[in-house]
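Here are the chains, one letter per residue:
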Amino acid sequence: MADETTSTPSTEQTSAPRPAHSGPRPPRPAGGPGGGPGGRKFFRRKKVCKFCTEKIDQISYRDVRLLQGFVAERGKIVPRRLTGVCTRHQRRLSLAIKQSRNIALLAFAARF
C-alpha cells in the first residue's frame, strides 16, 4: 500500500504547467503585415469616388458597360471599400444594377 501513495518523479515533471510569461518576446520575423524592418513597402493611395471626380450625377441603368465594372465575375455587386465609390453613389449604383438586372440587361449570376 505504501507503493500506491507515492508517485514517481518523472510523472510530476510532465504534468507541471509551464509559466504563462517567461521573459521578453523574441522579435518577429520579417515578411509579415508590416513588410519587414522598414515598415510598409508601398504607399496605398486613398480611393476617390469615380462619379464625384467626373461629376456624374445620374447613374443610368441602361449604361451596361459602366455597371459591369462594379459587378464581380460571379454577379455580386462589388463593395465600396474595394471600388472606392462614395456612399451616396454606391447606393445609386446598386439601384441601377438591380434595375438593369430586372429588365435583363445584366445577368443575376455568372454563366458556368
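Refer to the structure printed above.
Residues numbered from 1 in each chain as written. Predicted model: local features only at pLDDT ≥ 70, side-chain atom pairs only at ≥ 80, totals over all residues. Heavy atoms only, no water.

Requested: an account of the overall build of the chain, with residues and values cited.
In terms of helices and strands, the chain carries six helices and zero strands. In sequence order, the chain lays out its α and β elements as α-α-α-α-α-α. The burial tally for the chain puts 19% of its 112 residues in the buried class. For the chain, long-range pairs separated by at least 24 residues make up 58% of all intrachain contacts whose partners lie at least 6 apart in sequence. (Helix = DSSP H or I, 4+ residues; strand = E, 2+ residues; numbered from the N terminus. Buried < 20%, exposed > 50% of the residue type's maximum accessible area, 1.4 Å probe, protein only. Contact = heavy atoms within 4.5 Å.)

Can you break down the environment of Glu73 residue by residue, with the values?
Mapped onto the secondary structure, Glu73 falls in the loop between helix 4 (64-68) and helix 5 (80-83). The spacing of Glu73 and Arg111 is 38 residues in sequence and 9.3 Å in space, taken between C-alpha atoms.

So what's going on with the pattern of salt bridges? Which residues, and what values?
Note on pairing: side chains with opposite charge can pair once their charged atoms come close. If you walk through the whole model with that rule in mind, you get two salt bridges. Among the salt bridges present, the one from Asp57 reaches Arg92, with a minimum N-O distance of 3.3 Å. Of this pair, Asp57 sits in the loop between helix 3 (50-53) and helix 4 while Arg92 sits in helix 6 (residues 87-102), and the two are 35 residues apart along the sequence. Judged by relative accessible area, Asp57 falls into the partly exposed class, the value being 41%. A network of salt bridges, in which partner residues are shared, links Asp57, Arg88 and Arg92. (Salt bridge = Lys/Arg side-chain N within 4 Å of Asp/Glu carboxyl O.)

Please give an account of a nonpolar patch on the surface that cites residues and values.
On the surface, Tyr61, Ile103 and Leu105 cluster together into a nonpolar patch covering about 250 Å² of accessible area. By the element assignment, Tyr61 lies in the loop between helix 3 and helix 4. (Patch = residues over 30% accessible without salt bridge, like charges linked within 9 Å, V, L, I, M, F, W, Y side chains within 5 Å. Areas by Shrake-Rupley, 256 points an atom, 1.4 Å probe, with all protein chains shown as cover.)

Requested: an account of the nonpolar core, with residues and values cited.
Counting 13 residues, the largest nonpolar core has Phe51, Ile59, Leu67, Phe70, Leu93, Ile97 and Leu106 as its most contacted members. Setting aside residues up to four positions removed in sequence, Phe51 forms contacts with Ile56, Ile59, Leu66, Phe70, Val85, His89 and Leu93. (Core = buried A, V, L, I, M, F, W, Y, C linked by side-chain atoms within 4.5 Å.)

Tell me about the packing of aromatic side chains, residues and numbers included.
Scanning the model with the defined rule gives one aromatic pair in all. Cation over ring: Arg62 sits above Tyr61, and NZ or CZ is 5.7 Å from the ring centre. (Phe/Tyr/Trp six-rings, centres within 6.5 Å; stacked < 30°, edge-to-face > 60°. Lys NZ or Arg CZ within 6 Å of the ring centre and 35° of its normal.)

How would you explain unusual backbone geometry if you had to name every residue and give the values?
A positive phi angle, near 55°, is found at Lys55, a position not held by glycine. Along the chain, Lys55 turns up in the loop between helix 3 and helix 4. Under the relative-accessibility criterion, Lys55 is labelled exposed at 73%. In the Ramachandran plot, Ala104 falls in the positive-phi region, its phi being about 65° despite a non-glycine side chain. Checked against the element boundaries, Ala104 lands in the segment after helix 6.

Which residues make up the state of the cysteines, and what values go with them?
The final tally for this structure, using the stated rule, is zero disulfides. Looking at Cys86, it has no disulfide partner, and the nearest cysteine sulfur is the one in Cys49, 3.7 Å off. (Disulfide = S-S within 2.5 Å.)

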